Structure formats: C-alpha cells, structure tokens
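As a plain string of letters, each chain reads:
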Amino acid sequence: MTAPLSLGQGSLYDRVGPDALGALVRRFYVHVARDPLMSPIFPADLSLTAEKQFAFLSGFLGGPPLYHERFGHPRLRARHLPFVITPERGAAWLACMNAALRESPEIAPDDARELYAALARVAVHMVNAPSGAQET
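Residues numbered from 1 in each chain as written. Predicted model: local features only at pLDDT ≥ 70, side-chain atom pairs only at ≥ 80, totals over all residues. Heavy atoms only, no water.

### Let's talk about the pattern of salt bridges
Part 1 of the argument: Evaluated as defined, the whole model comprises five salt bridges.
Part 2 of the argument: Salt-bridge contacts for Glu51 lead to Arg70; the nearest nitrogen and oxygen are separated by 2.0 Å. Of this pair, Glu51 sits in helix α3 (residues 47-60) while Arg70 sits in helix α4 (residues 66-71), and the two are 19 residues apart along the sequence.
Part 3 of the argument: According to the relative accessible area criterion, Arg70 is exposed, its value standing at 51%.
Part 4 of the argument: Here Asp110 makes a salt bridge to Arg113, at a shortest N to O gap of 2.2 Å. Of the two residues, Asp110 and Arg113 are both situated in helix α7 (residues 109-126); the distance of three residues between them amounts to about one turn of the helix. Note on accessibility: Asp110 and Arg113 belong to one class, exposed. (Salt bridge = Lys/Arg side-chain N within 4 Å of Asp/Glu carboxyl O. Helix = DSSP H or I, 4+ residues; strand = E, 2+ residues; numbered from the N terminus. Buried < 20%, exposed > 50% of the residue type's maximum accessible area, 1.4 Å probe, protein only.)

Shown next as structure tokens:
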C-alpha cells in the first residue's frame, strides 16, 4: 500500500500531527472493541495493537517509518491472512475509523476526508475471504 497523495501543504502526517493521530487511533480502538464483527479478531488488550496501528499510520501518512523500524516491513495483507476478513469486516473496520474521524475535531475536515479515502483503499485490500466466511 502506498501513502495517500498529499492534497495540501506538507504530508498528511505533518498536517494531522502525531498527537491528533494518536488520539484518532485511541478513539478507533474504542469502536473496534465494541463492534461485534471486529472485536472477535482482536486481542482483549488492544494496547500493542494500537501502538502498531499508530506506528503504521505514521509512516503511511508520510511521517517517520516507526512501524518499519520496530516491526519490519508492514506486509499488511500477509500479516492479516490468519484472520477471516470478509467484505463486511472490511466495511466494519472502515466504519470504526469513520466514527473515530468524526470524533476528532483536531483533524481538519479536508485532512479527515483524505485519510478516510486512503484507508478505504486499505480496507478493500485487506479483504481475504468471501461474504459469510467463518473463522476456522
């Protein structure tokens, strides 16, 4: 996956900033923990997951390559293959992110739209099972 296009001044990471990005990730995982489609494929303790998400998004948005430095190449699709990710789960993931973005007034509306569009492509890319597929 490639970083989103920079539609404004500077990278999206520069425009959003690490504090707002961290707050977004925290809000996102509150939604994930409550979502009946998402919560079964995540650990009960989401701290490391949130840390990895923040690290990934930092580099993805044009900031420091924190994920790569700590965990190696993201290989997003390969790392997610152990989990059944149906189109419905991809949509649920994106809905959780959209809710978190709506709850993030510190992220400018244009930047939120750009981030959402980039993450919509990621959500589609992560789908690895057909609708209705069950955990094995």
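### Thoughts on the confidence of the model for the chain
Part 1 of the argument: Per-residue pLDDT for the chain has a mean of 93; in total, 93% of the residues score no lower than 70.
Part 2 of the argument: Helix α5 (residues 76-80) is the least confidently modelled element of the chain, averaging 88 in pLDDT, while helix α2 (residues 18-34) averages 98, the highest of any element. (pLDDT = per-residue confidence, 0-100.)

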